[in-house]
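What follows is each chain in one-letter form.
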Amino acid sequence: MKLEAIQAAEAKLLLPTYERNPILFVDGSGMYLIDDNGQRYLDLLSGIGVNALGYGHPAVTNAIERQSRKLVHISNLYFHEGQAELALRLTERTGLDRAFFCNSGTEAWEAAMKLARAYSTLQRSEGKAIGTRFLALENSFHGRTMGAVSTTHKEKYREPFQPLVPGVDFVRFNDVDHLRASFSNEVCAILIEPIQGEGGIRPVSQEFFAAARELTQSTGALLIADEIQSGLGRTGKWCAYQQFGIQPDVTTLAKPLAGGLPLGAMLCSEEASHAIHPGLHGTTFGGGPLACAVAIAVIDAIEQEDLLGNIAKTGAYFKRRLHDLAAKHESVIDVRGMGLMLAMDMNSADLAKRVVAKMLERHILINRTSETVLRFLPPYIMGRDHVDQAVSALHDILTEEGAGVSSLAAAHQNTGGPRNG
């Protein structure tokens, strides 16, 4: 089908949940997506942080081929070879003890929230004074299901679905005093993205993260780290919380975990796991043979190709180049992030929107989040040449935009400003 026919069919048949760009992608290779006209696009978004190994990586394609010839799905009523093997890889790399597999990040987050409530119930049954409330952060984003959206801060995500899950309070981002004032033994968990993704690629401060760890340990509440966007290597370590030297009780993973196949994971400490028994939570598709086989292959490829090292080195180079841009263009007000989870904050939402569109015209894919923030989540295989291509395009666009603003200002000055009449 041609693009126009697909657009017409979707307009008639699909719920209008996305504003799609008018491009039909049909193939991909390495760092590039390829449209129906054969045009290549440098992908600095990787399916919103999913395609960690890029496109057509043999680790992914070979694992899919091998496993699909055997088992794709059997349900979680029976054993298969993949879950324990994948759980071992993840627990060894996260410092946690047990895993639950599901289909997506928001499902992993729901599992983490249910675990926190179940663990507080267990503690109360043992005579401990602990409540059921959650502390989440302002500008947080944890997903679109009802529990996840209840802990997501922005009103535009929450308001249409009120009433939401009760018992959630929001703490000002990186405000340690507000965190301490908000915490009590009524709290069963503090919920943190070590680097806020949809909130604008904003890392928590070391002091804030440490205070959250101290407070939860003082009462038996859980510290839950949302690593759905920042985890599985994105920052140069397996989890972003490892950049801070702080170990949570629970973490959630998803986006890059199975190289593009749907798979999420909730990992927890042995102590927290005592709250879960058969029948208390479950999933039909989560942790199936195909997804697990691909996830194992992705983790092995990251290690065998030293992609964590590449993320650290290329990410540092990318960040330096973005800082160089900020020094040249007043429209850039901040550069943030770690590894290959980076952002350039612009001085206006309209400018950020135009930059994304003009990058697309130059066949480079990025996106905008938190209105003014240009977000970069490229595949882990990114090289310096890709960085240079992107930064060169950004420089040209920002120069054009700056020239346009200067021309308008000059015209305004020459005409004596706006006239009435």
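For the structure itself, consult the block above.
The paragraphs below set out a description of the structure included in this document. (Residues numbered from 1 in each chain as written. Predicted model: local features only at pLDDT ≥ 70, side-chain atom pairs only at ≥ 80, totals over all residues. Heavy atoms only, no water.)

1. Quick look at the overall build of the protein
Thinking step 1. Tallying secondary structure elements over the protein gives 15 helices and 17 strands in all.
Thinking step 2. Against the 2.2 N^0.38 benchmark of 22 Å for 421 residues, the protein shows a C-alpha radius of gyration of 23 Å, consistent with a compact globule.
Thinking step 3. Its C-alpha atoms give the protein principal-axis dimensions of about 80 × 55 × 45 Å.
Thinking step 4. Out of the 421 residues belonging to the protein, those deemed buried represent 53%.
Thinking step 5. Taking as baseline every contact in the protein between residues at least 6 positions apart, the subset at least 24 positions apart corresponds to 71%.
Thinking step 6. Put simply, the protein shows about 19,500 Å² of open surface, and 52% of that area lies on carbon and sulfur atoms. (Helix = DSSP H or I, 4+ residues; strand = E, 2+ residues; numbered from the N terminus. Rg over C-alpha atoms; globule rule 2.2 N^0.38 Å. Buried < 20%, exposed > 50% of the residue type's maximum accessible area, 1.4 Å probe, protein only. Contact = heavy atoms within 4.5 Å. Areas by Shrake-Rupley, 256 points an atom, 1.4 Å probe, with all protein chains shown as cover.)

2. Focus on the side chain of Ser-370
Thinking step 1. Looking at the element boundaries, Ser-370 is found in the loop between β16 (367-369) and β17 (373-376).
Thinking step 2. Separated by 3.5 Å, the side chains of Ser-370 and Lys-154 make a polar contact.
Thinking step 3. Beyond its immediate chain neighbours, meaning those up to four positions away, Ser-370 contacts Lys-154, Glu-198, Gly-199, Gly-200 and Arg-202. (Polar contact = N/O pair within 3.5 Å; in protein donor to acceptor, adjacent residues only side chain to side chain.)

3. Let's talk about unusual backbone geometry
Thinking step 1. Each neighbour pair has its own omega, and for Gln-162 with Pro-163 the value is 0 degrees, a cis peptide bond.
Thinking step 2. Position of Pro-163 relative to the elements: it lies in the loop between α7 (155-158) and β6 (168-171).
Thinking step 3. You will see that Ser-370, though not glycine, has its phi angle at about 50 degrees, which is positive.
Thinking step 4. Even without a glycine there, the phi angle at Glu-371 is positive, about 70 degrees.
Thinking step 5. By the element assignment, Glu-371 lies in the loop between β16 and β17.

4. So, the packing of helix α3 (residues 58-68) against helix α12 (residues 289-304)
Thinking step 1. Contact geometry of α3 with α12 gives a least axis separation of 9 Å together with a crossing angle of 150 degrees. Between α3 and α12, the angle is such that the two are roughly antiparallel. Regarding α3 and α12, the two cross each other, and that crossing is right-handed. Facing α3, whose interface residues are Ala-59, Val-60, Ala-63, Ile-64, Gln-67 and Ser-68, α12 presents Pro-289, Leu-290, Ala-293, Val-294, Ala-297, Val-298 and Ala-301.
Thinking step 2. Split by residue class, the contact of α3 with α12 holds 11 nonpolar, 2 polar and no charged. (Axes fitted to C-alpha atoms, helices over the stretch in contact; angles between N-to-C directions. Parallel < 35°, antiparallel > 145°, perpendicular 65-115°, else oblique. Left-handed = near helix turned anticlockwise from the far one by under 90°. Nonpolar A, V, L, I, M, F, W, Y, C, P; charged D, E, K, R; others polar.)

5. So, the sheet that holds strand β13 (residues 332-338)
Thinking step 1. If you walk across this open sheet you meet the 4 strands as β13-β14-β17-β16, and the pairing is antiparallel. Two strands in the sheet have a free side with no partner beyond their single neighbour: β13 and β16. The mean inter-strand angle of the sheet, taken between neighbouring strand axes irrespective of direction, is 30 degrees.
Thinking step 2. Pairing geometry for strand β14 (residues 341-346) and β17, over 4 bridges, is antiparallel. Its bridge partner lying in β17, Ala-343 is registered against Arg-375.
Thinking step 3. Set on the sheet, helix α13 (residues 307-328) makes contact with β13, β14 and β17; between it and β13 the angle comes to about 170 degrees.
Thinking step 4. Along the sheet, helix α14 (residues 349-361) contacts β14, β16 and β17; its crossing angle with β16, the most-contacted strand, is approximately 160 degrees. (Pairing = 2+ DSSP bridges.)

6. A short note on the packing of helix α4 (residues 82-94) against α12
Thinking step 1. Two elements in contact, α4 and α12, have axes separated by 9 Å at closest approach and are oriented at 35 degrees. Where α4 crosses over α12, the handedness of that crossing is left-handed. From α4, Gly-82, Gln-83, Glu-85, Leu-86, Arg-89, Leu-90 and Arg-93 reach across to α12, where they touch Cys-292, Ala-295, Ile-296, Ile-299, Asp-300 and Glu-303.

7. Quick notes on the pairing of strand β7 (residues 187-192)
Thinking step 1. Counted residue by residue, β7 has 6 buried out of 6 residues, so it is predominantly covered.
Thinking step 2. Summarising the sheet, strand β5 (residues 133-137) and β7 pair through 3 bridges and their orientation is parallel. Looking across to β7, one finds that Leu-135 is bridged to Ile-190.
Thinking step 3. Pairing between β7 and strand β10 (residues 222-226): 4 bridges, direction parallel. Each bridged residue has a counterpart across the sheet, and for Ile-192 the counterpart in β10 is Ala-225.

8. Some thoughts on the nonpolar core
Thinking step 1. Counting residues in each nonpolar core, the largest one holds 88 residues, and the members touching the most others are Leu-90, Ile-190, Met-344, Leu-374 and Phe-376.
Thinking step 2. The element best represented in this core is α12, accounting for 11 residues.
Thinking step 3. If you look at the next biggest cluster of nonpolar residues, it comprises 26 residues, including Leu-115, Ala-116, Leu-222 and Ile-224. (Core = buried A, V, L, I, M, F, W, Y, C linked by side-chain atoms within 4.5 Å.)

9. Comments concerning the sheet that holds strand β2 (residues 32-35)
Thinking step 1. Pairing is mixed across the open sheet formed by 4 strands, whose spatial order is β1-β2-β3-β15. The outermost strands of the open sheet, each flanked by one partner alone, are β1 (25-29) and β15 (364-365).
Thinking step 2. Direction of pairing for β2 relative to strand β3 (residues 40-43): antiparallel, over a ladder of 3 bridges. Bridge pairing in β3 places Ile-34 opposite Arg-40.

10. What to know about α3
Thinking step 1. Along α3, the residues classified as buried are Ala-59, Val-60, Ala-63 and Gln-67. What you see down the axis of α3 is that its buried residues fit within an arc of 95 degrees, all on one side.
Thinking step 2. Packed against the buried residues of α3 are α12. (Arc of directions from axis to C-beta.)

11. Overview of the pattern of salt bridges
If the charged atoms of two oppositely charged side chains come close together, the side chains can form a pair.
Thinking step 1. Summed over the entire model, instances satisfying the criterion amount to 20 salt bridges.
Thinking step 2. Ionic pairing is found between Glu-92 and Arg-93, a salt bridge with its closest N-O pair at 3.5 Å.
Thinking step 3. Judged by relative accessible area, Glu-92 falls into the exposed class, the value being 55%.
Thinking step 4. With a shortest N-O distance of 2.7 Å, Arg-213 and Asp-249 are connected by a salt bridge. Linking Arg-213 in helix α9 (residues 206-219) with Asp-249 in the loop between α10 (241-244) and β11 (250-253), this pair joins segments that are 36 residues apart in sequence. Asp-249 matches Arg-213 in its accessibility class, with the two residues each being buried. (Salt bridge = Lys/Arg side-chain N within 4 Å of Asp/Glu carboxyl O.)

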